[in-house]
Structures are given as structure tokens and as C-alpha cells.
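The lines below spell out each chain.
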Amino acid sequence: MNVLAIDQGTSATKALLVGPDGEVLGRGEVLVATRSVGADGVEADPEELYGSVVAAGDQALAAAGAPAHAVALANQGETVLAWDRATGAPLSPAIVWQDRRAAAVCERLAGRAAELSAITGLPLDPYFAAPKMTWLRENLTAGGVVTTTDTWLLARLGGEYVTDAATASRTMLLDLDTVGWSEAACAAFGLETATLPAVADCAGFAGQTSAFGRPLPITGIAVDQQAALLAEGCLAAGDAKCTYGTGAFLLVTTGTRAARSGSGLSTSVAWRLGGAVTYCLDGQVYTAGSALRWLTGAGVLREPGELDAVGGTVPDAGGLTFVPALAGLGAPYWAPGARGLLTGLHLGSSRGHIARAVAEGIAASVALLVSAAVADLGRPLTALRADGGLTALARLGLGDAASVAEAVGPAEVETVVEPSVTADQAAERLAVFRAALDLTLASG
């Protein structure tokens, strides 16, 4: 059976029509825009997001010249909007996961931070959906329902009023142990559990859509990063992946126990299949690909794809250090007020040095996330995979695979990357980065 897998992301919606043996039959991609609102706001047009889902899916089907038998949908996770359940019409912009305007909501609830973290596994931070939902209610509209974008997209496609367990765990409203909505967390944010969607498995029937022609079942739903974790074959405790997109997101599978992090990471549902829950640790670098777009806007690069060429014109960063806090700092520091920092500039600094410093700053940030994960696990990671997809969930939902391992298949390694510097050199660079990071945290 062919699965139409659609990943609705921050900067683009991508679609693949994937055949029964995992072969890609057709591709589609439609860019989507975000807009900055002041220093802290990031919004998107919901109708543009929905239109991109349909257009990308249509492109993939046209390119393949073959039919789909099921649809799977991945979503941005912490992006929210208000909408009318009766008509499906959006009542607000989509408040994107990078938006920091809910910082005041978090400050107001600071006295309950430990309680909320114990319930949900998440630190109190405007990155997560619940603070945004409260901010939206207080500042934009009291009408309709407020949900993450996946629920709205499913409803517009013709699906049920649901969210998957992994996405629900990114709201700060889910009891991580029971995997049900927490009355206490919802009350803290002034939200009603009765208005929230049902929490569904990541694989299973979630409705039917005719958006791509003949009616198709929607049988796979997941937040994008957890979908990538599954697709990378990270099924055993200690398996890890990092996805480099708009941000960089490190996830480590931890198994069937919802162990909370002691190192500043968040704990989430990796997936729920047949009612059985697998958990993961995760950490975030909010600006990775978006830092390259910033470099492009600043004139350092003509386009993001120039990074290697421009950064490769110099052997090192020339004493420059970049902290990628252009949208605040996530794990393990949770400093929404932090701002990006570029230090060490001198008359000899070039475009190449700046480009290389940005790349090294992102890499150093991910290295610190890995260190936090290793501290929580009590053992080193054996490998770190990259990238992802979600067709495996749809196959499970269709009953087209007997197990998760069969649905995912063997991991295919395209490239193995080994360190290009010694451990001592890496430690020295990280020490310099940590010093710059301390300046960022002090100013935020």
C-alpha cells in the first residue's frame, strides 16, 4: 500500500508518496512563511498552512502518477491557533513555536513551575503550547477552541477532533504518567479539559479525507520530531537522533518509564501505539536553519545553501564565537529572554569567519544537549542519527505491518561523520563557547 506522508513544518510543507517497500514514488514541497511581530512574536497564516498541506500532497501524487491508500500527517508540535469547530474557520493567526510573547504567562505561574514540571515532564517555558494558548486567550480572542495546529489541520482535512499522544505531551497540559489531560495543569493555565481534543494513538484511524481526490483514511499522526525519532529506528533506550531544520532537536528514546530529566532536558511521549507508551528525552536549539536565514538577511550569505562554501573559505572561525539565541535559549537553560551573541569581531573578520562561527555555535549547542542526555542516561550515546519521516505510523495504522520494527525497517546509513578535531580541541572550543553562553545568560 502507498502512503502519502505529509510533514507540515515551520518553513515548508513536504509530502512523499511512499511505496510498500519504502521507495519514494513522488515528492512535493510548498514553502510557507512566518512573520515576526515585534521582538518576540512569530506568527503564520493558518490558511496558508492548510493550503500547503493540500498542494504538497497533490504535487507528490502527480509526480508519482500512482494512488495513495492512506495519509499520515506530522505537525510543528507547539504551534497553536483559535478556530471555530462548527465551520473550521481560524479565529487567530497561528502562534508559532518560536513565539516568546507568553513569557509573562510563565512568570505569573513561576510559583507553580515545579508542580507543573512534575506533572507534565516539561519546564515552564513559553516554547510549549499551554502558555501560548493562555496568551492567545488573553490577548487575541475568547472565541472558538484553542488547539495545536495538528488538530485543526485534521479537522479541515475531514478527520476527527483528536491530537496524538506525542503532540499532546508538548502542550504542558498532559499528565505524562497517565497520558491524559491533567485537570491541575489545565486549571493553572485557565483552560478547560472539556474543550481539548481526544488524545489518540500515533497509529490508528483518525478520520477520512477527500482533500486529495477519493476518500483516504488518515492512519498516522505525530509531532514532527518524534516521527523522525521513530523513522530513524531509535527504538531502544539510549538510541538518539538530532534533526536539523528551522531549529535543531535532539531526542533520545528512554523506554516505557516516564523518567524526568535531572539535567534540564524535557521528557515527552515518543509515541503511543496500541495503548503502549514509549518516552523520550529531548532538547532544543531554537535557531539552526533560521540562523542561516538570518545570515542571508544580513547579507553574509546570498542564500542558506552557501554556508559550506562561504564558511569553507577560512580554516577556522578566526576567534569569533556565536551563541544561537536569536529566539531565546531552550534546553538545558530555558532562558526565553536570552538574545543571540557574536563575540570576538576584529578588523580581519570576514564573511567566512562569521558563517563558520554560526555553524560552530549550532554544533556546540547540540554538543551541550548531548552532554545533558548522557548525564540523564548514565552512559554515552553510541551513535547520533539525523533526519526523519513518518510513513511507518501510517503502515501500522493500516495494519500493513506486524510490529514497529517491521514498519520502520532497517536503518539505512548514508554518511558516517567522524570528529575532525581532537577531543582536547573540542573541549577547548566548548570552553570558549560556554564563556560566551554565560554572557548571553547574564544579559537575558
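Above this text sits the structure in question.
Residues numbered from 1 in each chain as written. Predicted model: local features only at pLDDT ≥ 70, side-chain atom pairs only at ≥ 80, totals over all residues. Heavy atoms only, no water.

### Concerning the overall build of the protein
Applicable threshold: Only DSSP runs of H or I covering at least 4 residues are called helices, and only runs of E covering at least 2 are called strands; the numbering of each starts at the N terminus. Radius of gyration: over C-alpha atoms. The globule rule applied is 2.2 Å multiplied by the number of residues raised to the 0.38 power. Think of it in three bands: residues with accessible area under 20% of the maximum for their type are buried, residues over 50% are exposed, and the middle band is partly exposed, with areas taken using a 1.4 Å probe on protein chains only. Throughout, a residue-residue contact means that at least one pair of heavy atoms, one from each residue, lies within 4.5 Å. Note that His is not counted, nor are the chain ends; the positive residues are Lys and Arg, and the negative ones are Asp and Glu. Every charge is mapped onto a representative atom, which is NZ of Lys, CZ of Arg, CG of Asp or CD of Glu.
Looking only at helices and strands, the protein features 14 helices and 22 strands. The C-alpha atoms of the protein give 21 Å as radius of gyration, which agrees with the globular expectation for 444 residues (22 Å, within 12%). For the protein, the C-alpha atoms occupy an extent of roughly 60 × 50 × 40 Å along the three principal directions. Expressed as a percentage of its 444 residues, the buried residues of the protein come to 54%. Here the contacts in the protein between residues at least 6 apart in sequence split such that 70% fall between residues at least 24 apart. Looking at the protein, you have 27 positive and 44 negative side-chain charges, and the mean spots of the two groups are 3 Å apart.

### Some remarks on the sheet that holds strand β16 (residues 240-244)
Counted only if it meets this: For two strands to be treated as a pair, DSSP must find no fewer than two bridges joining them. Note on method: axes are straight lines fitted to C-alpha atoms, helices fitted across the in-contact stretch only, with angles between N-to-C directions ranging 0 to 180 degrees.
Strand order in the open sheet made by the five strands is β18-β19-β17-β16-β22, with mixed pairing throughout. Among the strands making up the open sheet, the edge pair consists of β18 (266-273) and β22 (385-386). Here β16 pairs with β22 via two bridges, running parallel. Counterpart to Cys242 in the pairing with β22 is Ala386. Set on the sheet, helix α8 (residues 224-231) makes contact with β16, β17 (248-255), β18 and β19 (276-285); between it and β18 the angle comes to about 65°.

### Some thoughts on the side chain of Asp99
Put simply, the rule reads: Two N or O atoms form a polar contact when they lie within 3.5 Å of each other; inside protein one atom must be a possible hydrogen donor and the other a possible acceptor, and for residues adjacent in sequence the pair counts only when both atoms belong to side chains.
Locating Asp99 in the fold gives a position in the loop between β8 (94-95) and α2 (103-108). Judged by its relative accessible area of 1%, Asp99 falls in the buried class. In terms of polar contacts, Asp99 uses its side chain to reach the backbone amide nitrogen of Val42, at 2.8 Å. If we skip the residues at most four places from it in the chain, Asp99 touches Asp40, Gly41, Val42, Pro126 and Lys132.

### Digging into the sheet that holds strand β15 (residues 216-223)
One open sheet holds the six strands; their spatial order is β3-β2-β1-β6-β15-β14, and the pairing between them is mixed. One side of each edge strand has no neighbouring strand; the edge strands of this open sheet are β3 (24-31) and β14 (208-209).

### Remarks on the pairing of strand β1 (residues 3-8)
Within β1, five of the six residues are buried, leaving the element largely enclosed by the surrounding structure. Pairing between β1 and strand β6 (residues 70-75): five bridges, direction parallel. Residue pairing across strands places Leu4 opposite Val71, the latter belonging to β6.

### Things to note about the environment of Ala291
With respect to the secondary-structure elements, Ala291 resides in helix α9 (residues 289-297). Taking relative accessible area as the criterion, Ala291 reaches 0% and is therefore assigned buried. Residues Ala291 and Val42 lie 249 residues apart in sequence; the distance between their C-alpha atoms is 15 Å. Setting aside anything within four residues of it in sequence, one finds Ala291 in contact with Leu326, Val358 and Ile362.

### What to know about helix α14 (residues 423-443)
Inclusion rule: The span you would expect from a helix comes to 1.5 Å times its residue count less one. To be clear, the arc concerns the directions from the helix axis to the C-beta atoms.
The end-to-end C-alpha distance of α14 is 30 Å, a good match for the 30 Å that 21 residues give at a rise of 1.5 Å each. Three or more residues of α14 are buried, namely Phe433, Ala436, Leu437 and Thr440. Relative to the axis of α14, the buried residues are bounded by an arc of 110° and lie together on one face. Exposed residues pointing more than 90 degrees away from the buried face of α14 are listed as Asp424, Glu428, Leu439 and Ala442. If you follow the buried residues of α14, they end up packed against β20 (321-323), β21 (341-343) and α11 (351-377).

Take it as geometry only, folks, not as evidence of what the structure does.
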